[in-house]
Amino acid sequence: MIQKHPEIGGEILAIISELPDISIGAKYHHEKYDGTGYPYKIAGEDIPFYARIIGIADVYDAMTSRRSYHDVLPQQVVRAEIEKGKGTQFAPECADIMLQIIDEDTDYQMHEH
């Protein structure tokens, strides 16, 4: 059931005609660069650009926010996970940009306060 949320979110956001790419991003944001994601198991450049961005932002947010199953993770752990997923979970160019942003955030301001 949880794997249906990208499609459902995409359908809901499709109503916003001023931002058509946001529904596409939502629909495909759980696809992985190596093709092991869901719901369609598409890979690489076949994953829409906005979905590649939303996907890595979603993972970053999950790791840097308090959840019922974990507290905010340390920045070095978050960075290591992004690095580990580069080229498999994440598009390399998106991972590189996220790593640059993390490296520039020396005070770790982007995590949940």
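As shown above, the structure is provided for reference.
Nothing here was measured: the structure is a model prediction, and the numbers come from that model. (Residues numbered from 1 in each chain as written. Predicted model: local features only at pLDDT ≥ 70, side-chain atom pairs only at ≥ 80, totals over all residues. Heavy atoms only, no water.)

### A closer look at the pattern of salt bridges
Pairs can form between side chains of opposite charge once their charged atoms are near each other.
Part 1 of the reasoning: Enumeration according to the criterion identifies nine salt bridges in this entry.
Part 2 of the reasoning: One salt bridge in this structure joins aspartate 71 and arginine 66, with 3.2 Å as the shortest N-O distance.
Part 3 of the reasoning: Here aspartate 71 falls in the partly exposed class, since its relative accessible area comes to 47%.
Part 4 of the reasoning: Residue class for arginine 66 comes out partly exposed when judged on its relative accessible area of 45%.
Part 5 of the reasoning: Beyond isolated ion pairs, a larger network of salt bridges with shared partners links Glu45, Arg52 and Glu93. (Salt bridge = Lys/Arg side-chain N within 4 Å of Asp/Glu carboxyl O. Buried < 20%, exposed > 50% of the residue type's maximum accessible area, 1.4 Å probe, protein only.)

### Some words on the environment of aspartate 103
Part 1 of the reasoning: Mapped onto the fold, aspartate 103 is located in helix H5 (residues 92-104).
Part 2 of the reasoning: Taking the C-alpha atoms as reference points, aspartate 103 and proline 74, 29 residues apart in sequence, are found 13 Å from one another.
Part 3 of the reasoning: A polar contact is formed between the side chain of aspartate 103 and the side chain of arginine 79, at a distance of 2.6 Å. (Helix = DSSP H or I, 4+ residues; strand = E, 2+ residues; numbered from the N terminus. Polar contact = N/O pair within 3.5 Å; in protein donor to acceptor, adjacent residues only side chain to side chain.)

### What about the packing of helix H4 (residues 75-85) against H5?
Part 1 of the reasoning: Remark: H4 packs on H5, axes separated minimally by 10 Å, with the N-to-C direction vectors making an angle of 165°. Taken together, the axes of H4 and H5 are roughly antiparallel relative to one another. Classified by chirality, the crossing of H5 by H4 is left-handed. Here Gln75, Val78, Arg79, Ile82 and Glu83 of H4 come into contact with H5, specifically with Ala95, Met98, Leu99, Ile102 and Asp103. (Axes fitted to C-alpha atoms, helices over the stretch in contact; angles between N-to-C directions. Parallel < 35°, antiparallel > 145°, perpendicular 65-115°, else oblique. Left-handed = near helix turned anticlockwise from the far one by under 90°. Contact = heavy atoms within 4.5 Å.)

### Remarks on the side chain of histidine 29
Part 1 of the reasoning: Locating histidine 29 in the fold gives a position in the loop between helix H2 (20-28) and helix H3 (49-63).
Part 2 of the reasoning: A polar contact is formed between the side chain of histidine 29 and the side chain of histidine 30, at a distance of 3.2 Å.
Part 3 of the reasoning: Dropping the residues within four chain positions of it, histidine 29 is found in contact with His5, Pro6, Ala51, Ile54, Gly55 and Asp58.

### Points about a nonpolar patch on the surface
Part 1 of the reasoning: On the surface, a cluster of nonpolar side chains totalling about 230 Å² of accessible area is made up of Ile16, Leu19 and Ile22.
Part 2 of the reasoning: Following the sequence through the fold, isoleucine 16 ends up in the loop between helix H1 (5-13) and H2. (Patch = residues over 30% accessible without salt bridge, like charges linked within 9 Å, V, L, I, M, F, W, Y side chains within 5 Å. Areas by Shrake-Rupley, 256 points an atom, 1.4 Å probe, with all protein chains shown as cover.)

### Some thoughts on the packing of H1 against H2
A packed helix pair is summarised by two numbers, namely the angle formed by the two axes and the spacing between the axes.
Part 1 of the reasoning: Closest axis-to-axis distance for the H1/H2 pair is 7 Å, and the angle between their directions is 170°. Taken together, the axes of H1 and H2 are roughly antiparallel relative to one another. Taken together, the residues of H2 that come into contact with H1 (itself represented by Pro6, Glu7, Gly9, Gly10 and Leu13) are Ile22, Ser23, Ala26 and Lys27.
Part 2 of the reasoning: Broken down by class, the residue content of the contact of H1 with H2 amounts to four nonpolar, three polar and two charged. (Nonpolar A, V, L, I, M, F, W, Y, C, P; charged D, E, K, R; others polar.)

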